[in-house]
Amino acid sequence: MKSIQVIKVIDGEPLFDKPIQELLKDCVSGSVIQLLTPAEYLGLQQIRWWKGVLLPALAKDTGDSIEYWETTLKLEVMPDEFAPFYVPIGKQVFPVIPSITKLSKTKMNQMIEGAVAKCHEHGLLWVTLPDSELRR
(Lines give C-alpha, C1' and ligand atoms only; values in the text may rest on other atoms or scores of the structure.)
Protein backbone atom coordinates (compact mmCIF):
# COMPACT_ATOMS: atom_id res chain seq x y z
CA MET A 1 0.00 0.00 0.00
CA LYS A 2 1.25 3.44 -0.86
CA SER A 3 0.55 6.49 1.29
CA ILE A 4 0.89 10.02 -0.01
CA GLN A 5 0.87 12.78 2.56
CA VAL A 6 -0.68 16.20 1.99
CA ILE A 7 2.15 18.66 2.70
CA LYS A 8 -0.20 21.64 3.11
CA VAL A 9 -3.40 23.11 1.70
CA ILE A 10 -3.28 26.38 -0.26
CA ASP A 11 -6.56 28.07 -1.24
CA GLY A 12 -8.41 24.79 -0.64
CA GLU A 13 -6.06 22.79 -2.88
CA PRO A 14 -3.86 20.02 -1.40
CA LEU A 15 -0.12 20.21 -2.06
CA PHE A 16 1.86 16.98 -2.36
CA ASP A 17 5.59 16.34 -2.75
CA LYS A 18 4.95 15.67 -6.49
CA PRO A 19 2.35 16.97 -8.96
CA ILE A 20 -0.97 15.13 -8.55
CA GLN A 21 -0.88 13.97 -12.20
CA GLU A 22 2.42 12.21 -11.55
CA LEU A 23 1.05 10.55 -8.40
CA LEU A 24 -2.06 9.35 -10.22
CA LYS A 25 0.04 7.58 -12.89
CA ASP A 26 0.40 4.68 -10.43
CA CYS A 27 -3.37 4.08 -10.50
CA VAL A 28 -4.59 1.02 -12.35
CA SER A 29 -8.13 -0.18 -12.96
CA GLY A 30 -9.59 -1.23 -9.62
CA SER A 31 -7.28 1.01 -7.55
CA VAL A 32 -8.76 2.76 -4.52
CA ILE A 33 -7.86 6.18 -3.22
CA GLN A 34 -8.64 6.62 0.46
CA LEU A 35 -8.47 9.86 2.43
CA LEU A 36 -7.57 9.62 6.12
CA THR A 37 -7.43 12.37 8.70
CA PRO A 38 -4.10 12.62 10.53
CA ALA A 39 -5.71 10.87 13.54
CA GLU A 40 -7.09 8.04 11.37
CA TYR A 41 -3.71 7.60 9.69
CA LEU A 42 -1.91 7.45 13.05
CA GLY A 43 -4.40 4.88 14.32
CA LEU A 44 -3.93 2.79 11.19
CA GLN A 45 -0.14 2.95 11.58
CA GLN A 46 -0.45 1.86 15.22
CA ILE A 47 -2.58 -1.16 14.27
CA ARG A 48 -0.20 -2.06 11.43
CA TRP A 49 2.75 -1.98 13.83
CA TRP A 50 0.90 -4.09 16.40
CA LYS A 51 -0.40 -6.71 13.95
CA GLY A 52 2.34 -6.59 11.32
CA VAL A 53 5.53 -5.98 13.28
CA LEU A 54 5.30 -6.66 17.02
CA LEU A 55 3.15 -9.80 17.17
CA PRO A 56 4.86 -11.66 14.27
CA ALA A 57 8.30 -10.81 15.69
CA LEU A 58 7.33 -12.09 19.16
CA ALA A 59 5.93 -15.30 17.67
CA LYS A 60 9.04 -15.87 15.56
CA ASP A 61 11.41 -15.18 18.46
CA THR A 62 9.63 -17.25 21.12
CA GLY A 63 7.87 -19.98 19.15
CA ASP A 64 4.53 -19.04 20.73
CA SER A 65 1.67 -18.09 18.42
CA ILE A 66 0.66 -14.60 17.38
CA GLU A 67 -2.69 -15.25 19.07
CA TYR A 68 -0.95 -16.20 22.32
CA TRP A 69 1.03 -12.96 22.37
CA GLU A 70 -1.91 -10.78 21.41
CA THR A 71 -4.11 -12.22 24.15
CA THR A 72 -1.33 -12.18 26.75
CA LEU A 73 -0.36 -8.56 26.11
CA LYS A 74 -3.95 -7.33 25.94
CA LEU A 75 -4.77 -8.91 29.30
CA GLU A 76 -1.49 -7.91 30.97
CA VAL A 77 -1.49 -4.29 29.78
CA MET A 78 -5.19 -3.36 29.74
CA PRO A 79 -7.21 -6.06 31.49
CA ASP A 80 -10.28 -3.83 31.89
CA GLU A 81 -10.36 -2.86 28.21
CA PHE A 82 -9.96 -6.47 27.09
CA ALA A 83 -12.07 -8.32 29.63
CA PRO A 84 -13.54 -11.29 27.79
CA PHE A 85 -17.20 -11.45 26.90
CA TYR A 86 -18.89 -14.79 26.40
CA VAL A 87 -20.64 -16.07 23.28
CA PRO A 88 -22.86 -19.15 23.37
CA ILE A 89 -22.50 -21.45 20.38
CA GLY A 90 -24.66 -24.52 20.54
CA LYS A 91 -24.33 -26.03 24.00
CA GLN A 92 -20.95 -24.39 24.70
CA VAL A 93 -19.96 -20.90 25.76
CA PHE A 94 -16.73 -19.40 24.41
CA PRO A 95 -14.76 -16.42 25.79
CA VAL A 96 -13.97 -13.71 23.24
CA ILE A 97 -11.31 -11.05 23.79
CA PRO A 98 -12.26 -7.67 22.24
CA SER A 99 -10.33 -6.31 19.24
CA ILE A 100 -7.73 -3.55 19.51
CA THR A 101 -9.78 -1.58 16.97
CA LYS A 102 -12.03 -0.49 19.86
CA LEU A 103 -9.19 1.62 21.30
CA SER A 104 -8.73 5.33 20.64
CA LYS A 105 -5.34 6.37 19.27
CA THR A 106 -4.39 7.60 22.77
CA LYS A 107 -5.31 4.28 24.37
CA MET A 108 -3.61 2.39 21.54
CA ASN A 109 -0.47 4.38 22.27
CA GLN A 110 -0.76 3.37 25.94
CA MET A 111 -1.24 -0.22 24.80
CA ILE A 112 1.91 -0.11 22.66
CA GLU A 113 4.00 1.46 25.42
CA GLY A 114 2.65 -1.01 27.97
CA ALA A 115 3.27 -3.97 25.64
CA VAL A 116 6.90 -2.96 25.16
CA ALA A 117 7.31 -2.68 28.95
CA LYS A 118 5.68 -6.12 29.46
CA CYS A 119 7.93 -7.64 26.80
CA HIS A 120 10.93 -6.30 28.71
CA GLU A 121 9.54 -7.90 31.90
CA HIS A 122 9.37 -11.19 29.96
CA GLY A 123 13.08 -10.76 29.12
CA LEU A 124 12.46 -9.70 25.53
CA LEU A 125 14.70 -6.65 25.69
CA TRP A 126 15.00 -6.38 21.89
CA VAL A 127 11.39 -5.13 21.68
CA THR A 128 11.33 -1.36 21.12
CA LEU A 129 8.71 1.27 20.48
CA PRO A 130 7.80 1.92 16.83
CA ASP A 131 10.48 3.91 15.05
CA SER A 132 9.87 5.41 11.61
CA GLU A 133 13.62 5.28 10.98
CA LEU A 134 13.52 1.47 11.17
CA ARG A 135 10.86 1.10 8.45
CA ARG A 136 11.76 -0.80 5.31
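Owing to the predicted nature of the structure, the values given are computational and were not obtained by experimental measurement.

Reading the values: the criteria
- Residues numbered from 1 in each chain as written.
- Predicted model: local features only at pLDDT ≥ 70, side-chain atom pairs only at ≥ 80, totals over all residues.
- Heavy atoms only, no water.
- Helix = DSSP H or I, 4+ residues; strand = E, 2+ residues; numbered from the N terminus.
- Rg over C-alpha atoms; globule rule 2.2 N^0.38 Å.
- Buried < 20%, exposed > 50% of the residue type's maximum accessible area, 1.4 Å probe, protein only.
- Patch = residues over 30% accessible without salt bridge, like charges linked within 9 Å, V, L, I, M, F, W, Y side chains within 5 Å.
- Areas by Shrake-Rupley, 256 points an atom, 1.4 Å probe, with all protein chains shown as cover.
- Salt bridge = Lys/Arg side-chain N within 4 Å of Asp/Glu carboxyl O.
- Axes fitted to C-alpha atoms, helices over the stretch in contact; angles between N-to-C directions.
- Parallel < 35°, antiparallel > 145°, perpendicular 65-115°, else oblique.
- Contact = heavy atoms within 4.5 Å.
- Nonpolar A, V, L, I, M, F, W, Y, C, P; charged D, E, K, R; others polar.
- Expected span 1.5 Å × (residues − 1).

Asker: Even after reading the chapter, I still don't get the overall build of the protein chain, so can you show me in this structure?
Answerer: Assigned secondary structure in the protein chain consists of four helices and four strands. For the protein chain, the α and β elements follow one another from N to C terminus as β-β-α-α-α-β-β-α. Computed over C-alpha atoms, the radius of gyration of the protein chain comes to 19 Å, more than 25% over the 14 Å expected from 2.2 N^0.38 for 136 residues, which places it beyond the range of a compact globule. Considered along the principal axes of its C-alpha atoms, the protein chain spans approximately 55 × 40 × 30 Å. Here the protein chain holds 136 residues, and 23% of them are scored as buried.

Asker: Teacher, can you tell me more about a nonpolar patch on the surface here?
Answerer: A grouping of Ile20, Leu24, Ile33 and Leu35 is seen on the molecular surface, where their side chains present a nonpolar patch of about 420 Å² in accessible area. Looking at where leucine 24 falls in the secondary structure, it is placed in helix α1 (residues 20–24).

Asker: Is there a simple way to think about the packing of helix α3 (residues 66–77) against helix α4 (residues 105–121) in this case?
Answerer: Relative to each other, α3 and α4 sit at 105°, their axes nearing to 9 Å. Comparing their axes, α4 and α3 come out roughly perpendicular. Across the interface between the two elements, Leu73, Lys74, Glu76 and Val77 of α3 pack against Gln110, Met111, Gly114, Ala115, Lys118 and Cys119 of α4. Here the residues of the contact of α3 with α4 are counted per class, giving five nonpolar, two polar and three charged.

Asker: Sorry, what's going on with α4 here?
Answerer: The α-helix winds at 3.6 residues per turn, so residues separated by three or four positions along the chain end up facing the same way. With 17 residues, α4 extends 24 Å from end C-alpha to end C-alpha; this agrees with the ideal 24 Å at 1.5 Å per step. Looking at α4, one finds that the buried residues are Met108, Met111, Ile112, Gly114, Ala115, Val116 and Cys119. Its buried side turned inward, α4 meets α2 (38–62) and α3.

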